Amino acid sequence: MADVELKKLKKSFGSVDVIHGVDLSIKSGEFCVFVGPSGCGKSTLLRLIAGLEDSSAGQIFIGENNVTGIEPADRGVAMVFQSYALYPHMSVKENMGFGLRMTGTDARVVSERVEKAAQILHLEQLLERKPKQLSGGQRQRVAIGRAIVREPKVFLFDEPLSNLDAELRVRMRLEIAKLHSDLKATMIYVTHDQVEAMTLADKIVVLRAGRIEQVGAPLELYGNPDNMFVAGFIGSPKMNLMNAKVVSHENGAATVQLTGFESAPFAVTDITAATAGQEVVVGIRPEHFSADGSAHINAHIDVIEYLGGVSYAYAGASTDDPLIVGLHEGDNARPGQAYTAHFDPQRAFLFDPKTGLRIR
Ligand SMILES: Nc1ncnc2c1ncn2[C@@H]1O[C@H](COP(=O)(O)OP(=O)(O)OP(=O)(O)O)[C@@H](O)[C@H]1O
Ligand SMILES: [Mg+2]
């Protein structure tokens, strides 16, 4: 197990800068998840740590060692890819032991470690099969097994579950959580899946265009986002972000009036850095609407998505930025009708529309 430390890490492909000087500390044994929009550099960052790409500047430390420029095999990391990348002509057993055999490890040791990994992953009955005789979930387990067998200091996962169906994803997610608690290894995990990020991570790193926007525990990012990007990215459905104006600011409370929606002014408390007349963006999560809230927005509901336990009403569904309201049992919202969505103003966040930063 080892700490991972990135210092001013940069990567360019030709003249295109993809990673712009990333500083990041991951503690030994930590489960760290990278999230961010497609193309923001998650896989590139993982490949830099693995040594599959050379950095353009900066340094990578694993434990005490500066591994910048060192061969992938000598870094003590193992990577699990979305595509599994198993050898079709080898059995499960051979696939799992292959990396270790290549390093010249004694055949008996290889065999012992493969058996142990097979036990952890419930693959004992499948060791003689070829990859094409396995289901997707079983193949993914073999790919993880191959990483375990190498006893790496750091596991790197690049969207390992995204080829699996919903039910299998949930099962594999639980298995990965268990694996982490059993092995106590440092794990770095890339995903597009909000639930995976929130449930697996000790720490989430939100990336945008090759830069870190915020690092924190899942609930810290959810409850205390530093900026509009993180606020909108963490949480599903996405936080509502609405233009507004500060009407007055006194005694640590900013009274704001929404400009795009019909509502009465409401006071957001614990705000020191606002001034009367200032334009702001108000953020309210869909799940934070509730009948007992003292503030309200009058909206015209276009569409309601009924998901069983929860439902979401969309106002302005044809626009890029519909208002999304989480509905509770007994709510009288109907598609095509007016609806008053109540919320507690304490739950609202304020952002500066120019810088995107949180106003506190
Ligand atoms: N070998 C390469 N040559 C040139 N550009 C590359 C190369 N690999 C990646 N890029 C570019 O670097 C940027 C980051 O790519 P990367 O694969 O790291 O994104 P990502 O965050 O993993 O995205 P996704 O969520 O779609 O997997 C993208 O703009 C991509 O086009
Ligand atoms: Mg990727």
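Presented here is an overview of the structure given in this document. (Residues numbered from 1 in each chain as written. Chains lettered and ligands numbered in written order. Predicted model: local features only at pLDDT ≥ 70, side-chain atom pairs only at ≥ 80, totals over all residues. Heavy atoms only, no water.)

Right, let's get into the state of the cysteines. By the definition in use, this model includes zero disulfides. Cysteine Cys32 is unpaired, with the sulfur of Cys40 as its nearest cysteine sulfur at 13 Å. (Disulfide = S-S within 2.5 Å.)

Here the focus is the side chain of Asn227. Positionally, Asn227 belongs in the loop between α7 (218-223) and α8 (228-233). Of note is the side chain of Asn227, whose polar atom sits 3.2 Å from the backbone nitrogen of Phe229. If we ignore the near neighbours within four places in the chain, the residues touching Asn227 are Glu213, Gln214, Phe351, Gly356, Leu357 and Arg358. (Helix = DSSP H or I, 4+ residues; strand = E, 2+ residues; numbered from the N terminus. Polar contact = N/O pair within 3.5 Å; in protein donor to acceptor, adjacent residues only side chain to side chain. Contact = heavy atoms within 4.5 Å.)

Ranked by size, the top nonpolar core spans 45 residues in total, and within it Met96, Ile144, Tyr189, Ile204 and Val206 carry the most contacts. Looking at this core, the element that brings in the most residues is helix α4 (residues 136-149), giving six residues. Those residues in contact with Tyr189, other than ones at most four positions away along the chain, are Phe31, Cys32, Val33, Phe34, Phe157, Pro160, Leu161, Ile176, Glu196 and Leu200. Judged by nonpolar contacts, the second largest core, of 31 residues, contains Ala244, Ile301, Ala315 and Tyr339. (Core = buried A, V, L, I, M, F, W, Y, C linked by side-chain atoms within 4.5 Å. Buried < 20%, exposed > 50% of the residue type's maximum accessible area, 1.4 Å probe, protein only.)

What follows is about the sheet that holds strand β14 (residues 266-269). In spatial order, the strands read β14-β12-β11-β15-β20-β21; together these six strands make up an open sheet with antiparallel pairing. Strands with a single pairing partner mark the edges of an open sheet, and in this sheet they are β14 and β21 (358-359). In this sheet, strand β12 (residues 253-258) lies alongside strand β11 (residues 240-250) in antiparallel orientation, the contact comprising six bridges. If you follow Ser248 over to β12, its bridge partner there is Thr255. (Pairing = 2+ DSSP bridges.)

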